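Each chain, written out:
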Amino acid sequence: MSSSNNSGKVLKLKSKDNQIFEVEESVAIQSELIKNVVEAGCDIGVIPLLTVHSKTLRNVIEWCQKHVDYVEENDSGSNEEEIKNWESEICEEGNNNGSDDEETKNWESEENNNGSDEEEAKNWESEGNNDGSNKEEVENWEWEENNDGSDEEELENWESKFVDVDKDSLYALLLAADYLSIDSLLERVIKQVADVIKQCRSVEEVRQTFGIKSDFTPEEEEEIREEISWID
Amino acid sequence: MEGERDRISDLPDSLLEHILTFLPTKYAVRTGVLSKRWKDLWVSHPYLSLRDDEIGIQTVKVPKFMNFLNKILLHPQAKVKKIQLSSQERLESPEFIRWFQAVMMKDDLEELDIGFRKIYHTPQSYLTVCNTLVILKLDFGAFSGNKFPKSFCFPNLKTMHLNGFLLAYNFANQLLQCQNLESLIIRNYILDVMSHGLVLNDYDDQNEVLSNLSNAQMDSCYGFHGDVSDRSFLKNMIKAVSKAKDLDLSLSIIEYLYRVFPDDMLRFNNLKHIKLYLQSSHVGALGFILQKAPNLESLHIESDGPYGSVHDALMLEQLRSSCSSANLKVIRMTKFILEDPVLELVQLIFGSAGSLEDIVIELDAQHEMNNFLQCQKLLKLPRLSEDSVLHLKWEFGYSHHYFGHSHSYYHP
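As a starting point, this report considers the structure included with it. All values reported here derive from a predicted model rather than from experimental measurement.

What follows deals with the overall build of chain A. From N to C terminus, chain A includes eleven helices and three strands. Each helix and strand of chain A, ordered N terminal to C terminal, gives the series β-β-α-α-β-α-α-α-α-α-α-α-α-α. In chain A, which comprises 232 residues, the proportion classed as buried is 28%. Nonlocal contacts in chain A, meaning residues at least 24 apart in sequence, comprise 61% of its contacts between residues at least 6 apart. Summed over its atoms, the accessible surface of chain A is roughly 15300 Å², and 45% of this surface lies on carbon and sulfur atoms.

Listed below in structure tokens is the structure:
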């Protein structure tokens with residue numbers, strides 16, 4: 001299960017269906033529940049998770065492992081490298097200002113050499129219309145900006161794939177994340193369910209998607225719909 | 001037909017409520033129709049946020065909307081923390097006023113952001129206290145004259161934006177009780193002449209200033225008569241906001257300060273950025289501000305109408321002197337038309353502001369005076385600060401069906 005070379009303790013977690021999972025402490029304590037048990041100090045041996053099935057527990061452990069790995073990757077030297085790159089970029093920009101000065105001088109001498117103002121006006125106006133290159137510059141700059149967030153993006157993509165499962169699995173994950181108190185997993189699964197609801201274009205569609213049966217009488221339902229009829 | 005089994009309704013209340021918090025209000029409220037299980041789960045949603053196109057409150061639907069609002073306020077499971085309601089419609093219901101006055105004092109409320117085109121006139125409320133409120137934004141229409149409470153206390157308030165209210169003369173004094181205020185915007189307001197009796201004279205309390213204020217914007221005071229109470233109001237307000245780093249003050253306020261209290265010891269020591277509206281006859285006010293704000297770095301001047309023709313020579317000299325001793329780094333000029341008096345102003349600034357780094361001038365390309373010749377004159381003006389960079393931008397507004405096309409021409 002674990003790939004890191006962490007020399008931490010290994011905990012034993014027992015699922016509802018009596019399967020034992022060996023998990024590194026650093027991974028397991030992503031769960032507040034387990035963290036509290038560990039911090040309470042007693043030497044338990046096996047921690048029983050009475051409401052979590054092995055299938056779900058396996059997935060939960062995968063989630064926790066991924067998040068521990070992500071934090072480790074981003075703590076190591078990669079930040080230093082980023083700073084060095086950024087610093088050299090700044091120095092380059094400084095040098096570019098020098099060439100602007102030259103440009104000014106050229107422009108100023110040009111000005112004195114040209115004949116009529118009209119000609120200048122034409123040149124000036126046509127230069128003005130060359131906004132293609134400026135736009136490109138802006139686009140390049142924006143792309144560079146976004147590239148720095150690629151690690152975060154990668155995690156987001158991984159998370160989205162992780163929660164792209166059938167509803168029953170989602171509910172199982174939801175209940176497990178709630179029981180084990182794993183905030184990151186809980187938030188992500190909840191968001192997923194909410195997104196599914198949001199995509200439904202009507203109350204009827206929500207009912208069909210989730211299998212919810214209305215137990216209102218027609219009059220009751222009509223009353224409730226009337227109450228919220230001011231919503232556009 | 002075999003459909004989905006409804007397993008979602010088996011989840012505990014807390015998880016369902018949590019799911020609903022991820023839904024925009026409109027969707028969350030609708031879940032009440034799903035089944036009895038879901039009927040009032042949405043009531044515990046901490047954020048009530050409904051924008052223009054989500055509220056359809058034509059007259060016939062107002063009572064239902066009010067029932068909804070009351071539920072948010074009074075239902076046992078309700079624990080709303082942030083309320084954002086905005087609509088271009090009018091909401092002229094006395095019930096709304098009662099709701100509104102109650103909600104401004106609600107325990108645990110952190111944000112109240114409400115805007116309607118018009119509401120029923122508010123009767124004066126005397127005391128409004130809320131210890132938890134952090135953001136208060138109210139807009140019921142410019143100059144609508146809705147009365148803001150005569151006494152209020154929001155000790156944790158950080159943001160107050162008011163548009164269109166009738167303010168009592170002691171507004172500044174009350175405001176000083178909100179010492180955590182960081183952002184203040186007061187627009188389109190009128191002074192309540194009936195509140196004369198509440199005027200407090202200038203006083204030397206330590207508490208005259210909002211010490212945490214970061215930015216403030218104040219329009220001119222509509223219906224200002226210049227009598228003792230009016231002057232007191234203005235002076236107290238200016239003093240209260242004098243520690244801000246960023247001010248956006250209407251011209252008439254600055255003018256007034258300049259003419260009526262020129263020797264006042266008032267200083268804007270934290271002020272780093274100010275936006276002013278300027279005309280040729282008011283350059284004295286500009287010089288005045290530069291003197292009062294020794295740490296000013298960024299100045300944004302905007303033309304608020306015809307600039308005017310002739311500068312007062314004495315005021316120009318004073319401005320030149322103020323500019324020389326100021327530490328202005330950035331100047332931005334917007335909505336000006338490059339007539340000769342404007343060029344004269346720019347020439348003066350360029351020639352005396354020695355620390356300038358960035359100058360940005362935005363012109364309306366459609367105007368005939370913003371033509372090549374005038375621009376050339378502008379670009380050729382000598383600058384005392386040789387390292388300064390001048391950016392000249394033209395706004396091409398096409399018809400109002402297209403977005404304005406803004407083109408930057410960088411000119412070192």
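With that out of the way, let us pick up the sheet that holds strand β13 (residues 190–191) of chain B. All names here are of chain B. One open sheet holds the three strands; their spatial order is β8-β11-β13, and the pairing between them is parallel. Only two strands of the sheet have a single neighbouring strand rather than two, namely β8 (146–147) and β13. One ladder, built from two bridges, connects strand β11 (residues 165–167) with β13; its direction is parallel. Along β13, the bridge assignment pairs Leu-166 with Ile-190.

Residues and elements named next belong to chain A. Following the criterion strictly, the structure yields four cavities of 30 Å³ or more and no others. The calculated volume of the largest cavity comes to roughly 60 Å³. Forming the boundary of the largest cavity are 13 residues, of which Leu-13, Ile-34, Val-60, Ile-61 and Cys-64 lie nearest the centre. For the lining of the largest cavity, the element with the highest residue contribution is helix α3 (residues 54–75), accounting for four residues. A breakdown of the residues in the lining of the largest cavity according to their chemical character gives twelve nonpolar, one polar and no charged.

The next subject is the pairing of strand β2 (residues 82–86) of chain B. Residues and elements named next belong to chain B. The buried fraction of β2 is high, at four of five residues. Summarising the sheet, strand β1 (residues 47–50) and β2 pair through four bridges and their orientation is parallel. Following the sheet pairing, Leu-50 is matched in β2 by Leu-85. Two elements, β2 and strand β4 (residues 111–115), share five bridges in a ladder whose sense is parallel. From the neighbouring strand, Lys-82 faces β4, where its bridge partner is Glu-111.

Leu-15, Leu-16, Glu-17, Ile-19 and Leu-20 of chain B are the residues of helix α1 (residues 13–21) of chain B that are buried. Structurally, α1 of chain B contributes buried residues whose contacts are with α8 (167–180) and α9 (183–199) of chain A together with α2 (25–30) of chain B.

To continue, consider the interface of chain A and chain B. It is common to give the size of an interface as the accessible area lost on bringing the parts into contact. Contact residues are listed per partner, giving 49 residues for chain A and 46 residues for chain B. Around 4600 Å² of area is buried between chain A and chain B when both sides are counted, 68% of it from carbon and sulfur atoms. Viewed at the interface, chain B and chain A are joined by four salt bridges. Inspection of the region where chain A meets chain B yields six residue pairs in polar contact (both at pLDDT 80 or more). In terms of residue count, the dominant contributor to the side of chain A that touches chain B is α9 of chain A (eight residues).

Residues and elements named next belong to chain B. Most of strand β19 (residues 358–364) sits inside the fold, with five of its seven residues counted as buried. Across seven bridges, the pairing between β19 and strand β20 (residues 389–396) is parallel. Note on β20: the bridge partner recorded for Asp-364 is Glu-395. Handedness of the β19-helix α11 (residues 372–380)-β20 crossover: right-handed.

Conventions used here
- Residues numbered from 1 in each chain as written.
- Chains lettered and ligands numbered in written order.
- Predicted model: local features only at pLDDT ≥ 70, side-chain atom pairs only at ≥ 80, totals over all residues.
- Heavy atoms only, no water.
- Helix = DSSP H or I, 4+ residues; strand = E, 2+ residues; numbered from the N terminus.
- Buried < 20%, exposed > 50% of the residue type's maximum accessible area, 1.4 Å probe, protein only.
- Contact = heavy atoms within 4.5 Å.
- Areas by Shrake-Rupley, 256 points an atom, 1.4 Å probe, with all protein chains shown as cover.
- Pairing = 2+ DSSP bridges.
- 1 Å grid on protein atoms, 1.4 Å probe; cavity = no way out; pocket = protein on both sides within 12 Å on 5 of 7 lines; lining within 4 Å.
- Points joined across faces, edges and corners; volume = space filled by probe spheres on them.
- Nonpolar A, V, L, I, M, F, W, Y, C, P; charged D, E, K, R; others polar.
- Buried area = accessible area lost by both parts, 1.4 Å probe.
- Salt bridge = Lys/Arg side-chain N within 4 Å of Asp/Glu carboxyl O.
- Polar contact = N/O pair within 3.5 Å; in protein donor to acceptor, adjacent residues only side chain to side chain.
- Right-handed = clockwise from strand over helix to strand, strands pointing away.

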